[in-house]
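What follows is each chain in one-letter form.
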Amino acid sequence: MTADAELPVKGGGGVRRARYAVAAVFCAHGAVTGSFATRVPWIQEHAQISAGQLGLALAFPAVGAALAMPLAGSVSHRFGSRAALRGLVALWTLALALPSLAPDLVTLCLALFVFGASAGVSDVTMNALGVEVENRIGRSVMSSLHGMWSVGALLGSAAGTVAAHLHVDARLHHAGAALVLTAIAVTVCQGVPDVRSEPDETPPPRFALPPRSALLIGAVGFCAVFAEGAAMDWSGVYLRDVLGGSPGVAAASTTAFALTMAAARLSGDRIVDRFGAVGTVRVGGTLATVGGLLVVTATGTVTALAGFGLIGLGVAVVVPLTFAAAARSGPRPAQAIAGVATITYTSGLIAPSAIGGVADLSSLVASFGLVTVLAFGLVVGAGVLRARPKAAAGGSPATPAAADAPRP
């Protein structure tokens with residue numbers, strides 16, 4: 001693989017500019033998700049579908065992402081990482097306009113399939129570039145990049161909330177947001193590294209199953225995303241139904257959890273640099289496990305809120321670290337990241353329904369008992385993130401941060 005000559009291995013203005021450019025792409029990517037989520041009720045009403053039909057339709061983004069993610073490696077190989085990211089992120093931002101145009105269930109499912117597919121391939125490509133920048137800057141940056149995604153999601157949801165409050169037609173809102181976010185994303189992509197394959201390098205398969213090296217790493221990501229999705233989607237219901245919390249407290253819990261996740265990711269790189277990926281995930285898994293125990297034993301809302309907060313703190317940096325570990329686990333970073341991303345997307349898809357299913361069979365307390373067990377899985381499985389150092393793009397050796405060595 002070859003890359004921009006202006007990006008030195010450590011430090012320097014070029015690599016810092018590349019980091020800011022990739023961070024801006026993450027932020028724009030998250031803003032699309034936030035913009036879409038706030039207008040789901042409008043989309044449901046416009047398509048005239050039931051709650052059950054909406055649940056079916058909302059499974060299609062994950063299906064589209066899972067099927068499209070393995071294509072990211074071949075796209076980057078053919079066009080180079082910069083051109084690939086520019087095109088794929090533009091598809092994602094423009095796809096924001098599609099769901100609100102759907103007049104019925106069938107067209108909504110098709111629109112959401114395309115929406116998810118464009119999300120998946122752009123997600124893999126920008127994470128691969130994030131790892132490239134992390135290798136060259138010489139310290140952890142993946143956590144803060146995912147923090148910028150969370151910031152973008154919060155900004156997009158804030159703008160969507162205002163638009164919904166003002167009764168702006170979602171078709172107009174999403175069309176305008178798509179154009180603005182596309183212009184921003186395409187512009188900032190000019191600053192990302194342009195990693196290209198060597199002329200004699202064997203192209204990756206156009207569609208490939210996740211490599212074996214990504215499966216165990218993906219299992220760690222599965223545990224984290226399951227706990228995150230459960231807490232995000234069910235914390236309010238738990239506070240209301242199990243502990244008798246007020247509607248205001250129940251609603252605020254979701255926003256507070258999202259803010260906690262964003263703050264932890266933005267500050268997580270310092271912790272990773274100090275303790276390494278394995279140590280960070282083990283400590284995070286311990287915090288999440290304690291949080292789960294607080295939730296299932298809580299007799300009041302304050303204790304449960306503290307527990308949900310610990311779950312958020314504990315899992316916040318795990319997914320960025322699994323992507324970074326996957327990229328360093330074999331010779332094809334994009335393929336490995338795609339494998340881990342597919343597993344984590346699957347976890348995010350099944351978590352809400354699994355929590356509901358266990359609650360129907362037993363109780364919500366039992367559901368969060370399952371979350372607690374999976375959180376402990378982070379403690380047990382953290383060691384798989386200790387990847388062997390390998391050469392960075394351009395022949396440079398892996399940095400201590402990349403090799404998971406704690407920094408003094």
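This is a predicted model, so every value here is computed, not measured.

Novice: It is not clear to me how a nonpolar patch on the surface should be interpreted in this structure. Could you clarify?
Specialist: Where nonpolar side chains cluster on the molecular surface, the patch consists of Val63, Leu67, Leu98, Leu101, Phe113 and Val114 and spans about 470 Å² of accessible area. Mapped onto the nonpolar patch, the elements with two or more residues apiece are helix 4 (60-68) and helix 7 (105-137). Counting through the fold element by element, Leu101 comes out in the loop between helix 6 (81-95) and helix 7.

Novice: Whenever I open this one, the nonpolar core confuses me. Can you help?
Specialist: As a rule of thumb, nonpolar side chains are buried together in soluble globular proteins. In this structure, Leu85, Val124, Val281, Phe308, Phe368 and Leu378 are the most contacted members of the largest nonpolar core, which totals 81 residues. Setting aside chain neighbours within four positions, we find Leu378 in contact with Val220, Cys223, Ala224, Val281, Gly285, Val315 and Val318. Within the second largest apolar cluster, 23 residues are counted, among which are Ile49, Ala97, Ala102 and Ala177.

Novice: Help me understand the layout of surface pockets in this model?
Specialist: Picture a little ball the size of a water molecule; that probe, rolled over the atoms, points out where space is still empty. Taken as a whole, the largest pocket spans an internal volume of roughly 1,900 Å³. For the largest pocket, the lining is made up of 42 residues, of which Thr33, Trp149, Glu228, Met232 and Asp233 are closest to its centre. Element by element, the count of residues in the lining of the largest pocket is highest for helix 1 (residues 13-38), at 7 residues.

Novice: Looking at this model, I keep getting lost on the packing of aromatic side chains. Mind explaining?
Specialist: One pair of aromatic rings is described through two measures. These are the centre distance and the angle between the planes. With the rule as written, the count across this model stands at 6 aromatic pairs. Look at Phe36 and Phe115: their rings are 5.0 Å apart centre to centre, the planes differ by 45°, and that puts the pair in the tilted class. Taken together, the positions of Phe36 in helix 1 and Phe115 in helix 7 put the pair 79 residues apart, joining distant regions of the chain. By relative accessible area, which is 10% here, Phe36 ends up buried. Under the relative-accessibility criterion, Phe115 is labelled buried at 5%. Clustering of aromatic rings is evident, with ring pairs tying together Phe36, Trp92 and Phe115.

Novice: Just to check I follow, could you spell out the packing of helix 14 (residues 333-361) against helix 15 (residues 364-381) for this structure?
Specialist: How two helices sit against one another is set out by the angle between their axes and by the gap between those axes. Two elements in contact, helix 14 and helix 15, have axes whose closest approach is 7 Å; the angle formed by their N-to-C orientations is 135°. Looking at the two axes, helix 14 sits oblique to helix 15. Crossing handedness for the pair helix 14 and helix 15: right-handed. Where helix 14 approaches helix 15, its residues Ile355, Val358 and Ala359 are matched on the opposing element by Leu364, Ala366, Ser367, Leu370 and Val371.

Novice: Mind showing me how you'd approach the packing of helix 6 against helix 9 (residues 170-188) here?
Specialist: Where helix 6 meets helix 9, the closest approach of the two axes is 8 Å, and the angle between their N-to-C directions is 165°. Relative to helix 9, the element helix 6 is oriented roughly antiparallel. Classified by chirality, the crossing of helix 9 by helix 6 is right-handed. Mapping the contact onto sequence places Arg86, Val89, Ala90, Thr93 and Leu94 in helix 6 and Ala178, Leu181, Thr182, Ala185 and Val186 in helix 9.

Novice: Before we go on, may I ask you to explain unusual backbone geometry in this structure?
Specialist: Most peptide bonds take the trans configuration, and most residues that are not glycine carry a negative phi. One non-glycine residue, Gln48, lies in the positive phi region at around 55°. As for its placement among the helices and strands, Gln48 is situated in the loop between helix 2 (40-47) and helix 3 (51-57).

Scoring rules and cut-offs
Residues numbered from 1 in each chain as written. Predicted model: local features only at pLDDT ≥ 70, side-chain atom pairs only at ≥ 80, totals over all residues. Heavy atoms only, no water. Patch = residues over 30% accessible without salt bridge, like charges linked within 9 Å, V, L, I, M, F, W, Y side chains within 5 Å. Areas by Shrake-Rupley, 256 points an atom, 1.4 Å probe, with all protein chains shown as cover. Salt bridge = Lys/Arg side-chain N within 4 Å of Asp/Glu carboxyl O. Helix = DSSP H or I, 4+ residues; strand = E, 2+ residues; numbered from the N terminus. Core = buried A, V, L, I, M, F, W, Y, C linked by side-chain atoms within 4.5 Å. Buried < 20%, exposed > 50% of the residue type's maximum accessible area, 1.4 Å probe, protein only. Contact = heavy atoms within 4.5 Å. 1 Å grid on protein atoms, 1.4 Å probe; cavity = no way out; pocket = protein on both sides within 12 Å on 5 of 7 lines; lining within 4 Å. Points joined across faces, edges and corners; volume = space filled by probe spheres on them. Phe/Tyr/Trp six-rings, centres within 6.5 Å; stacked < 30°, edge-to-face > 60°. Axes fitted to C-alpha atoms, helices over the stretch in contact; angles between N-to-C directions. Parallel < 35°, antiparallel > 145°, perpendicular 65-115°, else oblique. Left-handed = near helix turned anticlockwise from the far one by under 90°.

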